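# Architecture at a glance
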Amino acid sequence: MMTEEIQEQYAEELEAFHIWMKDAGYTGYTVKSYTGDVAEFLVSINGKPLDQVKKLHVLSFLSRARERGVSDSTRNRKHAAVNCFYKSLIELELVTNNPAFGIKKSKTEQNRAPVFLDESGLERFLQSVEGKYRTRNLAIFLLMGYMGLRVGEVHALNCKDYNMERRTLDVFGKGRKWRTLPVPETVAKLLSEALQERLAPWRAKEEALFVSQKGKRLSIRSIQLISTETFERFQQESASNQRVNYSSHKLRHSFATMMLRRGADLRTVQELLGHSSIQTTTVYTHVTSREKEEAMALLDVKLPAFVADM
């Protein structure tokens, strides 16, 4: 946590970084994450002037994060945050050198199959949705599980983004890119019901599609918590050693997997998911053990007589 002393010492640089991120179009979620990572970094350098920080100091910061047990992806995000911090200060002529530049990323498990729910599992998960705001929450999960939206994209949706007549949804995704998605009939039905039951916002100008019980835009954290609680109910009858570490993002994985298994073109799935690179989409082309067994069963293995007699 950043102390008042640290915040005061680097006040100009932190304000510059914040302005730079907003001007660059970073999402509120990224701004918050990067700000937290940079604050942690500033604490680690013990008041050292930013133009005296060396590559060794950045590596030391990242190494300590790894020692605390953070994942490769989290370590890489912290590196990206510090790199962007210095990049912004260079562009705004507050420093001349970027000590985070050139540091290699940690290798992540690129070939690890994503955790996902199959179609029957997704159906049972939706049956686990309960509570006063069941319709709203069902609509949220359908958007992630049957249309592939990210949590941040659901959070950012406004009422005007849904065209009920055309049954299309305009989604503002990563890289400040818009994509228009066709809305399946079942999802459209729940989305229309959610709009009818939508709580009247406290602020007249609140355009959020999904609002909290306080009448404000439903936060990313709230969506994640609703998801966690639903997954707990979904797995409550499973033995503790058989429970899977599901999260809201796994619903997006489920959508991508279903699309590809039903024969959707990889390029089309890339567009639906809003991936900038098709390489990101290929991770969903994984197959299950059952599918591997079925494929191997197609082989008609002919053994030589001397092997068969062994």
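Our subject in this report is the structure included herewith. (Residues numbered from 1 in each chain as written. Predicted model: local features only at pLDDT ≥ 70, side-chain atom pairs only at ≥ 80, totals over all residues. Heavy atoms only, no water.)

## Brief notes about the environment of serine 63
Topologically, serine 63 is positioned in helix α4 (residues 55–67). Take serine 63: its relative accessible area is 37%, and that puts it in the partly exposed class. Linking serine 63 and arginine 75, residues twelve residues apart in sequence, is a C-alpha distance of 8.5 Å. (Helix = DSSP H or I, 4+ residues; strand = E, 2+ residues; numbered from the N terminus. Buried < 20%, exposed > 50% of the residue type's maximum accessible area, 1.4 Å probe, protein only.)

## Observations concerning the packing of aromatic side chains
Each aromatic ring pair is characterised by the separation of its centres together with the angle its planes make. In the structure shown here, the tally under the stated rule is twelve aromatic pairs. Relative to phenylalanine 85, the ring of phenylalanine 17 has its centre 5.3 Å away and its plane inclined at 75°; by these criteria the two rings are edge-to-face. Note that phenylalanine 17 is positioned in helix α2 (residues 11–24) and phenylalanine 85 in helix α5 (residues 72–91), a separation of 68 residues in sequence. For phenylalanine 85, a relative accessible area of 0% corresponds to the buried category. (Phe/Tyr/Trp six-rings, centres within 6.5 Å; stacked < 30°, edge-to-face > 60°.)

## Re the pairing of strand β2 (residues 168–173)
As defined by bridge partners, strand β1 (residues 162–163) adjoins β2 across two bridges and the pair is classed as antiparallel. When the bridges of β2 are listed, asparagine 163 appears paired with threonine 168. With antiparallel pairing between neighbouring strands as the criterion, β1 and β2 make up a hairpin whose turn holds four residues, including arginine 167 at a positive phi of roughly 55°. When β2 meets strand β3 (residues 177–182), the two strands line up antiparallel, connected through six bridges. Within the sheet, the bridge partner assigned to phenylalanine 172 lies in β3 and is tryptophan 178. Adjacent in sequence and paired antiparallel, β2 and β3 are bridged by three residues, among which glycine 175 carries a positive phi angle near 70°. (Pairing = 2+ DSSP bridges.)

## Observations concerning the layout of surface pockets
Of the pockets and cavities examined, the second largest pocket occupies roughly 310 Å³. Around the second largest pocket, the lining comprises 15 residues; the ones closest to its centre are Tyr146, Met147, Pro184, Phe255 and Met259. Of all the secondary structure elements, the ones that give two or more residues to the lining of the second largest pocket are β3, α9 (185–197) and α11 (249–261). Sort the elements by how many residues they give to the lining of the second largest pocket and α11 lands first, with three residues. Classifying every residue of the lining of the second largest pocket by side-chain character gives twelve nonpolar, one polar and two charged. (1 Å grid on protein atoms, 1.4 Å probe; cavity = no way out; pocket = protein on both sides within 12 Å on 5 of 7 lines; lining within 4 Å. Points joined across faces, edges and corners; volume = space filled by probe spheres on them. Nonpolar A, V, L, I, M, F, W, Y, C, P; charged D, E, K, R; others polar.)

Distances and angles like these do not, on their own, reveal function.
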